[in-house]
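Remarks on the overall topology
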Amino acid sequence: MRVVHVLIAPDCYTGSLTAAQAAAAIAQGWAEAAPHDTLSRVPLSDGGPGFVDVIATSLGGDVLARVTTDPLGREVPATILLVDDDGRRTAYVESAQAAGLHLLAADERDPTRTTTAGVGRLLVEAVEAGATRVVVGLGGSGTNDAGAGLLAALGVGTPQRLGRGGLALAATTVDDLAGLEEARTRFRGVDLVIATDVDSPLLGLKGASAVFAAQKGASDEDAQRLENALGHFASVVARVRPPAKDLLTGTAIRPEREPGAGAAGGLGYALQLLGGRRVSGVEAVLAAVDFPALVAAADLVVTGEGSFDWQSLHGKVVVGVAEAASHVGVPVIAIPGQSVVGRREAMAAGLSGVYAVAERPDQLVEALTDPVGTLAARAARVARTWSPRR
């Protein structure tokens with residue numbers, strides 16, 4: 001029998017392992033159970049934590065060390081990746097380095113007051129470094145301010161109104177958006193690319209507040225108040241800058257309804273106001289690492305993430321990998337930390353199997369206590385099924 005080539009391509013396991021650490025753990029367990037297989041590792045990201053590191057590993061470039069602020073305004077280190085190609089300079093920015101949930105202690109998580117101002121500082125740094133194309137990875141945020149903090153950092157309104165979190169937006173006035181056109185002009189010569197991990201709109205039952213605020217520390221009441229505040233903010237923006245109309249239908253193009261506007265607590269919405277265009281974060285990363293060529297050389301792909309849930313079916317790494325592999329007929333299996341997706345939905349997404357590390361609630365504590373050991377052990381058991389010893 002010929003050697004089986006296994007491509008290990010996971011996302012990060014949020015709060016436990018980076019994508020690189022997860023790939024190493026899976027490879028460790030797989031090699032133990034199936035030493036006869038050839039293993040290749042390619043850590044991935046959907047635009048969330050690890051986005052810059054993953055891109056830098058594949059494309060190289062210059063990594064600029066910078067200081068920005070976290071969701072509560074404290075200084076934190078960050079990086080910007082600069083890549084020069086055919087005379088064009090592209091900057092890659094990871095919003096989670098400034099607005100990430102992982103930057104907050106459990107008792108600090110409160111999306112009614114966290115801000116994206118630090119992401120705005122990174123955008124300014126990227127443009128000042130000479131970038132004519134800026135790719136902003138969105139995901140893993142602890143914010144829900146519709147990107148108002150980012151706008152304030154770019155000179156729109158005042159930090160006292162736009163930089164105090166989502167709930168303060170309930171009192172937004174037209175005067176608070178002074179400088180919006182100047183900020184748009186600042187990015188007129190920049191190709192602003194919004195690489196989002198989800199395709200949610202800003203408002204509504206599938207929007208930023210209704211779906212994601214709870215996991216950032218909001219109560220049900222907080223989520224409703226945030227929904228109202230962001231809705232008011234969007235209505236004021238529409239008065240300051242009336243929405244453009246579709247040339248074919250004549251209907252208004254409302255940025256708050258666009259796919260990806262709700263990503264990172266509405267950060268996608270603010271970036272669209274600046275003229276940004278949205279792409280799938282995982283597709284952008286797969287293109288950067290030349291994933292089609294990697295998967296074409298493999299016999300099996302192993303992917304994974306912290307939690308395989310309904311969000312995974314809308315723009316996350318696991319499903320993005322499965323879709324890419326389907327074009328060349330290579331099977332894909334997932335080893336997530338936990339899974340709440342049914343077998344039928346998983347198969348419809350292109351997965352040949354899902355093997356959660358924690359199959360029962362009581363196993364979750366052990367998985368979080370020893371993420372490397374439990375992930376490696378689960379990978380070993382899966383390898384014995386998919387690549388038995390000869």
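Residues numbered from 1 in each chain as written. Predicted model: local features only at pLDDT ≥ 70, side-chain atom pairs only at ≥ 80, totals over all residues. Heavy atoms only, no water.

1. What to know about the packing of helix α1 (residues 19-33) against helix α16 (residues 371-386)
Keep this limit in mind: Where helices are involved, their axes are fitted lines through C-alpha atoms of the stretch in contact, as for all axes, and angles between N-to-C directions lie from 0 to 180°. In this description a helix means any DSSP run of H or I spanning at least four residues, a strand means any run of E spanning at least two, and both kinds are numbered starting from the N terminus. An angle below 35 degrees is read as roughly parallel, one above 145 as roughly antiparallel, one from 65 to 115 as roughly perpendicular, and any other as oblique. Crossing handedness is read from the near helix: turned anticlockwise from the far helix by less than a right angle, it gives a left-handed crossing, and turned clockwise, a right-handed one. Residues are treated as being in contact if the distance between any of their heavy atoms lies within 4.5 Å. Polarity classes work like this: nonpolar for Ala, Val, Leu, Ile, Met, Phe, Trp, Tyr, Cys and Pro, charged for Asp, Glu, Lys and Arg, and polar for all others, with Gly in that last group.
Where α1 contacts α16, the two axes come as close as 7 Å, and the packing angle between them is 45°. With respect to α16, the element α1 is oriented oblique. Considering the relative orientation of α1 and α16, their crossing is right-handed. On the side of α1, the interface is formed by A22, A25, I26, Q28, G29, W30, E32 and A33, while α16 contributes V372, L375, A376, A379, A380, V382, A383, R384 and W386. Along the lines of polarity and charge, the residues of the contact of α1 with α16 split into 13 nonpolar, two polar and two charged.

2. A closer look at the side chain of S209
How we decide: Each residue is placed in one exposure class: buried if its accessible area under a 1.4 Å probe, protein chains only, is under 20% of its type's maximum, exposed if it is over 50%, and partly exposed if it falls in between.
Tracing the chain through its elements places S209 in helix α8 (residues 208-212). Accessibility expressed as a relative area gives 1% for S209, which makes it buried. The contact partners of S209, leaving out residues within four places of it in the chain, are N144, L202, A223, L226, E227 and L230.

3. Topic: the pattern of salt bridges
The condition is simple: Between Lys or Arg on one side and Asp or Glu on the other, a salt bridge is scored when a side-chain nitrogen of the former is within 4 Å of a carboxyl oxygen of the latter.
All told, the structure shown has 16 salt bridges when counted by the stated rule. The partner of D191 in a salt bridge is R88, and the shortest N-O contact between them spans 3.3 Å. With D191 in strand β7 (residues 191-196) and R88 in strand β5 (residues 88-94), this pair connects stretches of sequence that are 103 residues apart. Linking D110 and R113 is a salt bridge whose minimum nitrogen-to-oxygen distance equals 3.4 Å. Owing to a relative accessible area of 21%, D110 belongs among the partly exposed residues under this scheme. Through salt bridges that share partners, R88, R133, D191 and R277 make up one connected network.

4. Here we look at empty space enclosed by the protein
Threshold: Definitions used throughout: a 1 Å grid over protein atoms alone; a cavity as a set of points that fits a 1.4 Å probe which cannot get out; a pocket as an open set with protein on both sides within 12 Å along at least five of seven lines; a lining residue as one with an atom within 4 Å of a point. Grid points are joined across faces, edges and corners, and a volume is the space filled by probe spheres set on the points.
Throughout the structure, instances matching the rule amount to one cavity of 30 Å³ or more. Approximately 30 Å³ is the volume found for the largest cavity. Forming the walls of the largest cavity are A234, V237, A238, R241, P243, P255, E256 and Y269. A per-element tally of the lining of the largest cavity places helix α9 (residues 220-240) first, with three residues. Residue classes in the lining of the largest cavity are distributed as six nonpolar, no polar and two charged.

5. So, the nonpolar core
Nonpolar side chains tend toward joint burial in soluble globular proteins. Definition in use: The term nonpolar core refers to a set of buried residues drawn from Ala, Val, Leu, Ile, Met, Phe, Trp, Tyr and Cys, joined through side-chain atoms within 4.5 Å.
If you look at the biggest cluster of nonpolar residues, it comprises 53 residues, and the most contacted ones within it are V134, L150, L151, F233, Y269, L271 and L274. Per element, the largest residue contribution to this core is seven residues, and it comes from helix α10 (residues 263-273). Apart from residues no more than four positions distant in its own chain, L274 is found in contact with L150, L151, L154, A183, R184, F187 and L192. Residues L7, V295, V301 and A325 belong to the second largest nonpolar core, which totals 38 residues.

6. Focus on the layout of surface pockets
Roughly 940 Å³ of internal volume is contained in the largest pocket. As for the largest pocket, its lining consists of 40 residues, and the residues nearest its centre are Y13, T14, G15, G306 and S307. In this structure, the second largest pocket encloses a volume near 500 Å³. Taken together, 28 residues line the second largest pocket, and the ones lying closest to its centre are T18, A19, P49, G50 and D53. Ranked by residue count, the leading element in the lining of the second largest pocket is helix α2 (residues 51-59), at four residues. Taken together, the residues that form the lining of the second largest pocket break down as 15 nonpolar, ten polar and three charged.

7. Examining the packing of aromatic side chains
Applicable threshold: Whether two aromatic rings pair depends on their centres lying within 6.5 Å, for rings of Phe, Tyr and Trp, where Trp uses its six-membered ring; planes under 30 degrees apart make the pair stacked, over 60 edge-to-face, and the rest tilted.
The final tally for this structure, using the stated rule, is two aromatic pairs. Ring plane angle 70° and centroid distance 6.3 Å describe the contact between F233 and Y269, whose orientation is recorded as edge-to-face. Taken together, the residues span a long stretch of sequence, with F233 in helix α9 and Y269 in helix α10 at a distance of 36 residues. Note on accessibility: F233 and Y269 belong to one class, buried.

8. What about the environment of E181?
The residue E181 is located in helix α7 (residues 180-186) in this model. Between the C-alpha atoms of E181 and A20, which are 161 residues apart in sequence, the distance is 41 Å.

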